[in-house]
Amino acid sequence: MELNREHFRAIIFHNFRRGLSRQECFDELNSLYSDKAPSYSNVKNWYNEFNRGRCSIQDESRAGRPKSVVVPEKINAVRELIKQDRHVTYREIEASLDISMTSINKILHEHLSVKKICSRWIPHNLTNAQKKTRVDWCKEMLEKYIQGTSKAVYNIYTGDESWIYAYEPETKQQSTVWVFQDEAKPTKVVRGRSTSKQMIACFFGINGHVATVALEQRRTVNSEWYTTICLPEVEEMMRVSSAYSFSWIRMCSCDTRTHHPQRCIPGMRDLPYNGSSAGN
């Protein structure tokens, strides 16, 4: 059997009670256990402790940081820090709770089962209703235009307005957040808000970009702006380009409240075009 420190202390205590001197105790231990025996200074220290009346051979508790801080109180404290700030770092947890990096790592990965991952960028933070509207619209268009094989798709142009922002994007490291095991992967909207911005409307056809119209000195898009300013500019851009030569075009824009199907702009769906006909 391998003897540990407490075993040797018990032997020293036994020899102390037998009345052996420090040197006699040391010589006996050394003859029996050779290099595994405690040193003479160790034997001397324990004789002094026993002379002062000590009876325990176990280590006494010491002031300061405990052997292990991975206790329920610290685990809950780390959990609350993460919930308050998903970007919290190891150093911030260490400074707040006064625990070592090793203990923090153990709490995070063994007890809380969290991991730090980058937020997935998405173009828009849509509601479930908005997502359903887009899916329904796509299904309707696929059915109407025979899964895109109909030649009529060349007559369809879609437009969307959006704010163009000036902002400082976060680095990949700055966008990482702590995620618990049962949580979904985080997402964030690509664009950020800023004081420098410009509203524009972009229009596309099956062959790509058609026109871009800026919203000058205005903060909202409404039917008046579309019918009197935006669509005439788009129609003119298409007329001067030889790439667009159809007798009629179909305009679709149903993203915002202004373009809700129940509030569709009169005449917006079909715009007359006087270019040479290329058929449907």
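Residues numbered from 1 in each chain as written. Predicted model: local features only at pLDDT ≥ 70, side-chain atom pairs only at ≥ 80, totals over all residues. Heavy atoms only, no water.

1. Overview of the confidence of the model for the protein
Inclusion rule: What pLDDT reports is the predictor's confidence in each residue, on a scale of 0 through 100. Here, residues are in contact when the closest pair of their heavy atoms is within 4.5 Å.
Overall, the predicted model of the protein reaches an average pLDDT of 75, with 72% of residues at or above 70. The model gives residues 244-249 a pLDDT under 50, and that stretch makes 31 contacts with residues more than four places away or in other chains. Every residue in residues 253-280 is under pLDDT 50, and counting partners more than four places away or in other chains gives 59 contacts.

2. Some remarks on the packing of aromatic side chains
Note the cut-off: Stacked, edge-to-face and tilted labels apply to pairs of Phe, Tyr and Trp rings (six-membered ring for Trp) whose centres lie within 6.5 Å, assigned for plane angles under 30 degrees, over 60, and everything in between, in that order. The numbering of helices and of strands both runs from the N terminus, where a helix is a DSSP run of H or I of at least 4 residues and a strand a run of E of at least 2.
For the structure on display, the rule yields 6 aromatic pairs. Geometrically, the ring pair formed by phenylalanine 8 and tyrosine 33 is edge-to-face, given 5.3 Å between the ring centres and 90° between the ring planes. With phenylalanine 8 in helix 1 (residues 5-18) and tyrosine 33 in helix 2 (residues 22-33), this residue pair connects regions lying 25 residues apart in the sequence.

3. Brief notes about the pairing of strand 4 (residues 176-179)
In plain terms, the rule: Burial classification: accessible surface area is computed with a 1.4 Å probe over protein chains only, and a residue below 20% of its type maximum counts as buried, one above 50% as exposed, and the rest as partly exposed. At least two bridges found by DSSP between two strands are what make those strands a pair.
Residue alternation in strand 4 divides its side chains into two sets, Thr176 and Trp178 and Val177 and Val179, and both sets are buried. Direction of pairing for strand 1 (residues 115-118) relative to strand 4: antiparallel, over a ladder of 4 bridges. Within strand 4, the residue paired with isoleucine 117 across the bridge is valine 177.

4. With respect to the nonpolar core
The criterion, for reference: Residue types Ala, Val, Leu, Ile, Met, Phe, Trp, Tyr and Cys, when buried and joined through side-chain atoms within 4.5 Å, form a set referred to as a nonpolar core.
Among the nonpolar cores identified, the biggest contains 17 residues, and Val78, Ile82, Leu108 and Leu112 are the most heavily contacted of them. Those elements that place two or more of their residues in this core are helix 4 (72-84), helix 5 (90-97) and helix 6 (101-111). It is helix 4 that provides the largest number of residues to this core, a total of 4 residues. The next biggest cluster of nonpolar side chains, apart from the first, holds 16 residues, and it includes Tyr157, Ala201, Phe203 and Trp225.

5. Describing the pattern of salt bridges
For clarity, the cut-off: Within this document, salt bridges are pairs made up of a side-chain nitrogen of Lys or Arg and a carboxyl oxygen of Asp or Glu, the two lying within 4 Å of each other.
Going through the model one piece at a time under the given rule, you end up with 4 salt bridges. With a closest N to O distance of 3.6 Å, glutamate 49 and arginine 54 form a salt bridge. When the shortest N-O distance is used, the salt bridge between aspartate 136 and lysine 132 registers 2.8 Å. Placement of both aspartate 136 and lysine 132 in helix 7 (residues 128-144) is noted, with a separation of 4 residues, approximately one turn of the helix. Residue class for aspartate 136 comes out partly exposed when judged on its relative accessible area of 36%.

6. Notes on helix 1
Residue pairs three or four apart in sequence face the same way in an α-helix, which turns once every 3.6 residues. Where we set the bar: The span you would expect from a helix comes to 1.5 Å times its residue count less one. Here, the arc refers to the directions that run from the helix axis to the C-beta atoms. The term polar contact refers here to a pair of N or O atoms within 3.5 Å; inside protein, the definition further demands a hydrogen-donor-capable atom paired with an acceptor-capable atom, and it admits residues adjacent in sequence only when both atoms are side-chain atoms.
For helix 1, with 14 residues, the first-to-last C-alpha span of 20 Å sits near the 20 Å given by 1.5 Å per residue. By the burial criterion, the buried members of helix 1 are Phe8, Arg9, Ile12 and Asn15. Taken end-on, helix 1 shows its buried residues confined to a sector of 120°, consistent with a single buried face. On its buried face, helix 1 sits against helix 2 and helix 3 (40-51). Capping of helix 1 at its N-terminal end is provided by asparagine 4; its side-chain oxygen lies 3.1 Å from the backbone amide nitrogen of glutamate 6. At the exit of helix 1 stands glycine 19, carrying a positive phi of roughly 95°.

7. Quick look at the packing of helix 1 against helix 3
Two quantities define a packed helix pair, namely the angle between the helix axes and the distance between the axes. In plain terms, the rule: Axis geometry follows a simple rule: fit a line to the C-alpha atoms, using only the stretch in contact for helices, then measure angles between N-to-C directions, giving values from 0 to 180 degrees. Should an angle lie under 35 degrees it is considered roughly parallel, over 145 roughly antiparallel, and from 65 to 115 roughly perpendicular; all remaining angles are considered oblique. Note on convention: the crossing is left-handed when the near helix lies turned anticlockwise from the far helix by less than a right angle, right-handed when the turn is clockwise.
Packing of helix 1 against helix 3 leaves a shortest axis separation of 10 Å and a crossing angle of 60°. Considered as vectors, helix 1 and helix 3 are oriented oblique to each other. The chirality of how helix 1 crosses helix 3 is right-handed. Here Arg9, Ile12, Phe13, Asn15 and Phe16 of helix 1 come into contact with helix 3, specifically with Val43, Trp46, Tyr47, Phe50 and Asn51.

8. Points about the packing of helix 1 against helix 2
Threshold: When residues are sorted by character, Ala, Val, Leu, Ile, Met, Phe, Trp, Tyr, Cys and Pro go into the nonpolar class, Asp, Glu, Lys and Arg into the charged class, and all the rest, Gly among them, into the polar class.
At a closest axis distance of 10 Å, the pairing of helix 1 and helix 2 adopts a crossing angle of 135°. Taken together, the axes of helix 1 and helix 2 lie oblique to each other. Note that helix 1 runs across helix 2; the crossing there is right-handed. Where helix 1 abuts helix 2, its residues Phe8, Ile11, Ile12, Asn15 and Arg18 lie against Cys25, Glu28, Leu29 and Tyr33. A class-by-class count of the residues in the contact of helix 1 with helix 2 yields 6 nonpolar, 1 polar and 2 charged.

9. Overview of a positive patch on the surface
Just so we agree on the cut-off: Think of a patch as exposed residues, more than 30% relative accessible area, with no salt bridge, where like charges cluster within 9 Å and nonpolar side chains (Val, Leu, Ile, Met, Phe, Trp, Tyr) cluster within 5 Å. Only the protein chains shown count as cover for residues, with accessible areas throughout obtained via the Shrake-Rupley method and a probe of 1.4 Å. Neither His nor the chain termini are counted; the positive set is Lys and Arg, and the negative set is Asp and Glu. Where a charge lies is defined by one atom per residue type: Lys uses NZ, Arg uses CZ, Asp uses CG and Glu uses CD.
On the surface, a cluster of positive charge is made up of Lys115, Arg120, Lys131 and Lys185. Along the chain, lysine 185 turns up in the loop between strand 4 and strand 5 (187-189). Residue lysine 185 is classed as exposed on the basis of its relative accessible area, which comes to 69%.

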